[in-house]
Amino acid sequence: MYPISGGFYTYSMRFIDPSWGFAMGWNYVFQWAIVLPLEINVAGLTIGYWDPEGKINIAVWITVFLLVIIIINIFGVLGYAEEEFWVSILKLTTVVVFMVHHCSRTCLWWRLAAPYNEYYGARNWYNPGAFADGFPGLCAVFVTAAFSFSGTELVGLAAAESKTPQQSLPGAVKQVFWRITLFYILALFFVGLLVPYDDERLIGNSSLLDVSTSPFVIAALNGGIPAFGDFVNVVILFSVISIGLSGVYGGSRTLTALAEQGYAPPIFKYVDRAGRPLYSTIAIIAFGPIAYIALASSAVTVFNWLLALSGLAALFTWGSICLAHIRFRNAWAYHGHTLDELPFQAAFGVYGSWIGFILVILVLIAQFYTAVKPMSAYAFFLSYLALFVVILFYVIGLVWKRQTWLRTADIDVDTGRREIDWEAYEQLKMEKQNWPAWKRVYHFLF
């Protein structure tokens, strides 16, 4: 489809509206560009867990981590993939250890330290309760949760840089689903069992970040294992660097794809012999020094607004992906194609995309409710600023291309399609039909 992975996202937006594709493409680039300095800053502040007196200025650590990200990006997609492989293993191992450890704290009490020297169970669900601030509190966490889960779409962005996406992409998508379900959600489930929401250490302080307020660290300290808290912070350190690298990867590839479609300056189309979008990568990394704002007295305010700019970005991204899939399938059928011509089909088809799209709309409504509830202009724009950024990008795209919503008959589903080896694909399908039942079920799930 495209030699650069970001093309997958900007390509799919044309099934909705070319101007919306412009808006979402630039919104995605901007989202990752903002994430980079935020994560570099978090990495620098995480070091403060071991240097509470601040003997070493945070600017030193910001510089170190920025250089680490630059060096890894020199190796292009290979460096990013290698880093992601090892960091993912580290994160998965940590989550497994965390769940085993905290399951023992919840269900067992033999020779455990207080407060886990008796059956603990789900007492936090009853006292102080499972939901802080009732329905408004529930709505307030939606955007935070969406922001935390953003980045999973990178598995689709990377499809264009895979030699055989029809084989590698299905397994990668399924693994992302199971990792989120089994590791992220279960880990948060145990956090909710072990750390009450009114724990004073969760409140933090007036600083930009207090890493000692991590619920994972608090649970470890409550369990009498402070060393595990140190280990968790090491994992957090590697994780935020990984997110920063993802920001450079996703943002640069999308920027290059925008340039290929005439939505960005032509200079960003340049890809060197090693397959690196050089100028796009430099443009995203150029946002990294924003992390030095942490040295200013107004750092908290500045970073709150930066987060506001990217807060709803993940929701717009996923809502657009779901809508693009719905419109693609409609246009695919309209132009006489069948599902058998698709080398990869979504597990729940169009119904899954409709559910996802409706859920995104509901979350946006809930976020609007929490934004207007305080009756404050500052609180409203802090929660909903990203919407106006998307509208601005859409207006620019509309003026630039002068194209709006496409009718199904006008959607082109053939131009830009990546050629695949259909003979090999059909042979693989025949082999799957002869697999035993257990293997077909395993392949469907994993």
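Thresholds applied
Residues numbered from 1 in each chain as written. Predicted model: local features only at pLDDT ≥ 70, side-chain atom pairs only at ≥ 80, totals over all residues. Heavy atoms only, no water. Helix = DSSP H or I, 4+ residues; strand = E, 2+ residues; numbered from the N terminus. Buried < 20%, exposed > 50% of the residue type's maximum accessible area, 1.4 Å probe, protein only. Contact = heavy atoms within 4.5 Å. Areas by Shrake-Rupley, 256 points an atom, 1.4 Å probe, with all protein chains shown as cover. Phe/Tyr/Trp six-rings, centres within 6.5 Å; stacked < 30°, edge-to-face > 60°. Core = buried A, V, L, I, M, F, W, Y, C linked by side-chain atoms within 4.5 Å. 1 Å grid on protein atoms, 1.4 Å probe; cavity = no way out; pocket = protein on both sides within 12 Å on 5 of 7 lines; lining within 4 Å. Points joined across faces, edges and corners; volume = space filled by probe spheres on them. Nonpolar A, V, L, I, M, F, W, Y, C, P; charged D, E, K, R; others polar. Axes fitted to C-alpha atoms, helices over the stretch in contact; angles between N-to-C directions. Parallel < 35°, antiparallel > 145°, perpendicular 65-115°, else oblique. Left-handed = near helix turned anticlockwise from the far one by under 90°. Expected span 1.5 Å × (residues − 1). Salt bridge = Lys/Arg side-chain N within 4 Å of Asp/Glu carboxyl O. pLDDT = per-residue confidence, 0-100. Patch = residues over 30% accessible without salt bridge, like charges linked within 9 Å, V, L, I, M, F, W, Y side chains within 5 Å. Polar contact = N/O pair within 3.5 Å; in protein donor to acceptor, adjacent residues only side chain to side chain.

1. Description of the overall build of the chain
Scanning the chain from terminus to terminus reveals 18 helices and 0 strands. Burial analysis of the chain (446 residues in total) assigns 44% to the buried set. Long-range contacts, defined as pairs at least 24 residues apart, comprise 77% of the intrachain contacts of the chain with a sequence gap of at least 6. For the chain, the computed accessible surface area is about 22900 Å², with 69% contributed by carbon and sulfur atoms.

2. As for the packing of aromatic side chains
Summed over the entire model, instances satisfying the criterion amount to 17 aromatic pairs. Between the aromatic rings of Phe 380 and Tyr 384, the centroid separation amounts to 5.9 Å while the plane-to-plane angle is 15°, which identifies the pairing as stacked. A residue pair is termed a helical-turn pair when its members lie 3 or 4 positions apart in one helix, as Phe 380 and Tyr 384 do in helix α16 (residues 377-401) at 4 residues. Neither residue differs from the other here; Phe 380 and Tyr 384 are each classed as buried. Among the aromatic residues, those joined into a cluster by ring pairs are Phe 368, Phe 380, Phe 381, Tyr 384 and Phe 388.

3. Remarks on the nonpolar core
Counting residues in each nonpolar core, the largest one holds 33 residues, and the members touching the most others are Ile 40, Phe 65 and Ile 69. Within the residue set of this core, elements represented by two or more residues are α2 (18-46), α3 (58-74), α11 (226-260) and α12 (278-285). Discounting residues that sit within four places of it in the chain, Ile 69 has contacts with Leu 36, Ile 40, Ile 241, Gly 244, Leu 245 and Val 248.

4. Regarding unusual backbone geometry
The omega torsion of the bond from Asn 127 to Pro 128 falls at 10°, within 30 degrees of zero and hence cis. Along the polypeptide, Pro 128 turns up in the loop between α4 (76-107) and α5 (134-140).

5. Some thoughts on empty space enclosed by the protein
A full pass over the atoms with the stated rule returns 1 cavity of 30 Å³ or more. Of the volumes computed, that of the largest cavity is approximately 30 Å³. With 3 residues, the top contributor of residues to the lining of the largest cavity is α4. Here the residues of the lining of the largest cavity sort into 3 nonpolar, 2 polar and 1 charged.

6. A closer look at the packing of α2 against α3
Closest axis-to-axis distance for the α2/α3 pair is 8 Å, and the angle between their directions is 125°. By the angle between their axes, α2 is oblique relative to α3. Crossing of α2 against α3: the hand is right-handed. Between α2, through Leu 36, Ile 40, Asn 41, Ala 43, Gly 44 and Leu 45, and α3, the contact on the second element is made entirely by Ile 58, Trp 61, Ile 62, Phe 65, Leu 66 and Ile 69.

7. Re helix α15 (residues 349-372)
Compared with the 34 Å implied by 1.5 Å per residue over 24 residues, the 36 Å span of α15 between its first and last C-alpha is a close match. Gly 349, Val 350, Ser 353, Gly 356, Val 360, Val 363, Leu 364, Ala 366, Gln 367, Thr 370 and Ala 371 are the residues of α15 that are buried.

8. Concerning the pattern of salt bridges
Applying the stated rule across the entire model yields 1 salt bridge. Where Arg 276 meets Asp 272, a salt bridge forms, and the shortest distance between an N and an O atom there is 2.8 Å. Judged by relative accessible area, Arg 276 falls into the partly exposed class, the value being 25%. Among the residues examined, Asp 272 registers a relative accessible area of 13% and is labelled buried.

9. Considerations on the confidence of the model for the chain
Mean pLDDT over the chain works out to 77, with 85% of the residues at or above the 70 mark. The element-level mean pLDDT for the chain is lowest in helix α1 (residues 7-12), coming to 54, with α12 highest at 90. Contacts of residues 1-6 to residues separated by more than four positions or lying in other chains number 29 contacts, the stretch itself having pLDDT below 50.

10. Section: a nonpolar patch on the surface
Taken together, the side chains of Trp 354, Ile 355, Ile 358, Leu 359, Ile 361, Leu 362 and Ile 365 define a hydrophobic patch exposed on the protein surface, amounting to about 680 Å² of accessible area. For Ile 355, the position within the fold is in helix α15.

11. So, the side chain of Thr 256
Positionally, Thr 256 belongs in helix α11. Within polar-contact distance, the side chain of Thr 256 engages the side chain of Ser 280 at 2.8 Å.

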